[in-house]
Amino acid sequence: MSDSTGAVRISCIVPAFNEAENLPALLAALKAQLDALTTQWEIVLVDDGSRDATRQVLAAYADWPGLVVLHLSRNFGKEAALSAGLDFARGEAVFLLDADLQHPVAMMPVMLDAWRAGAQMVYLVRANRDDEPWWKRVGSLTLYRLINYGAVVQVPADASDFRLLDAKVVAALRQLPERNRFMKGLYAWVGFRTQALPYTPDPRLHGQSSFSGRRLLGLALTGLTAFSNMPLRLWSVFGSVLALISLGYGAYVTLAYFLEQRPVAGWTTIVAGMMLFGGIQLISIGILGEYLGRVYDEVKQRPRYLLDEVQDNSPFQPDRPDAPRAETQGDRV
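Sequence order as written defines residue numbering, which begins from 1 separately in each chain. Local features in this predicted model are restricted to residues of pLDDT 70 or higher, and side-chain atom pairs are both shown and tallied only at a pLDDT of 80 or more, whereas totals for entire chains, interfaces and linings draw on every residue. Hydrogens are left out, water is left out, and the side-chain values use all remaining heavy atoms of the structure.

Peer 1: What am I meant to see in the packing of aromatic side chains here?
Peer 2: Pairing of aromatic rings covers Phe, Tyr and the six-membered ring of Trp, with a centre-to-centre limit of 6.5 Å; geometry is then stacked below 30 degrees between planes, edge-to-face above 60, and tilted otherwise. Tallied over the full model, the rule gives one aromatic pair. Here Tyr61 and Trp64 contribute two aromatic rings whose centre-to-centre distance is 5.3 Å and whose plane-to-plane angle is 80°, an arrangement assigned as edge-to-face. Counted as over-ring charges are cases with an Arg CZ or a Lys NZ within 6 Å of the ring centre that also lie within 35 degrees of the ring normal. In this structure, Arg74 packs its charged tip against the face of Phe76, placed 3.9 Å from the ring centre.

Peer 1: How should the nonpolar core be read in this particular structure?
Peer 2: Inside soluble globular proteins, nonpolar side chains tend to come together where they are buried. With 38 residues, the main nonpolar core has Leu30, Ile43, Phe95, Met108 and Met111 as its most contacted residues. Any two residues whose heavy atoms approach within 4.5 Å are treated as being in contact. Setting aside residues no more than four positions away along its own chain, Leu30 makes contact with Cys12, Val14, Ile43, Leu97, Val105 and Met108. Core analysis: the next-biggest nonpolar cluster, separate from the first, contains 30 residues, Val44, Ala80, Leu82 and Tyr305 among them. For the purposes of this section, nonpolar cores are sets of buried Ala, Val, Leu, Ile, Met, Phe, Trp, Tyr and Cys residues that join through side-chain atoms within 4.5 Å. Partly exposed describes any residue whose relative accessible area lies between the buried limit of under 20% and the exposed limit of over 50%, with all areas from a 1.4 Å probe on protein chains only and scaled to the type maximum.

Peer 1: Can you walk me through the sheet that holds strand S1 (residues 9–16) in this structure?
Peer 2: Where strands meet in a sheet, backbone hydrogen bonds hold them as pairs that are either parallel or antiparallel. Strand pairing follows a simple DSSP-based rule, namely that at least 2 bridges must link the two strands. Helical segments are the DSSP runs of H or I of at least four residues, strand segments are the runs of E of at least two, and each set is numbered from the N terminus. With mixed pairing, the eight strands of this open sheet are ordered in space as S7-S5-S6-S4-S1-S2-S3-S8. Looking at which strands have only one partner, the edges of the open sheet turn out to be strand S7 (194–199) and strand S8 (307–312). Between one strand and the next, the sheet's axes are offset by a mean angle of 15°, whatever the strand orientation. Sheet analysis places S1 next to strand S2 (residues 40–47), joined by eight bridges and oriented parallel. Helix axes are fitted only over the stretch in contact, all axes being lines through C-alpha atoms; the angle between N-to-C directions runs from 0 to 180 degrees.

Here it is in structure tokens:
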């Protein structure tokens with residue numbers, strides 16, 4: 001709810017991993033922008049097990065009004081860090097943005113205006129991806145086409161993690177129990193009134209992105225297996241086509257043998273066929289294994305993240321009885 005002056009209660013969730021050099025500039029820019037937007041705000045900064053001086057830098061802000069710092073017990077990944085921030089956010093309008101300063105805080109007033117106009121989720125879409133390597137552009141295009149092929153819920157391509165969520169959307173996301181989380185898919189799944197805005201990311205101020213190709217591949221597999229059965233269906237169709245081809249070839253060889261007395265091809269054909277079908281079976285098992293592995297992770301019911309320490313200077317009181325508090329640090333899972 002707004003305060004007595006009508007000011008909007010705003011939360012900003014910022015996951016950070018090894019961003020010590022960027023944090024002072026980020027916090028200064030965020031504070032200036034938030035002060036211009038409202039008198040009631042909090043910044044929920046999630047330290048996702050950083051190995052640099054992030055903890056030491058944040059210690060200098062221990063008494064900063066409005067700053068909530070969550071130190072996770074290890075690096076759980078960006079999706080888990082975002083989930084932790086959503087669990088702690090108490091605003092009626094909740095921003096999510098990266099700590100590398102590539103998400104321009106100057107867009108926040110435009111996003112807030114769209115929220116005031118009735119949008120319950122506002123997300124920014126890159127105007128172009130010319131600054132990315134070709135393999136990343138092709139991979140992103142392929143991933144979203146695979147996820148959205150035949151899907152009931154369409155996941156917007158090129159949408160960034162820079163978003164504004166209404167409190168209703170945050171409450172809906174908290175109800176989702178998945179351990180393997182593909183947040184862009186979850187944003188699309190919960191629905192609500194959405195609006196996309198174009199933007200151009202700013203250059204990174206310091207350092208390099210910690211999101212390696214291997215992590216991107218892992219996130220892509222999580223998104224594909226969490227929101228699409230297309231790989232299973234595609235492989236079923238492929239298997240059916242191969243079976244029909246095999247039956248047709250078998251009928252041809254049989255007819256040729258009895259009608260034309262043509263001898264059956266020798267060991268080379270047999271060995272090549274066995275190797276082909278053996279490889280296909282192994283690929284099929286691998287695809288099934290990806291889905292079963294996700295099921296295995298879910299049934300273990302392990303927490304999405306664990307807290308090591310919480311610094312809570314939020315001006316807001318918890319908006320629900322089970323909301324996390326600073327005194328429960330280390331226990332929230």
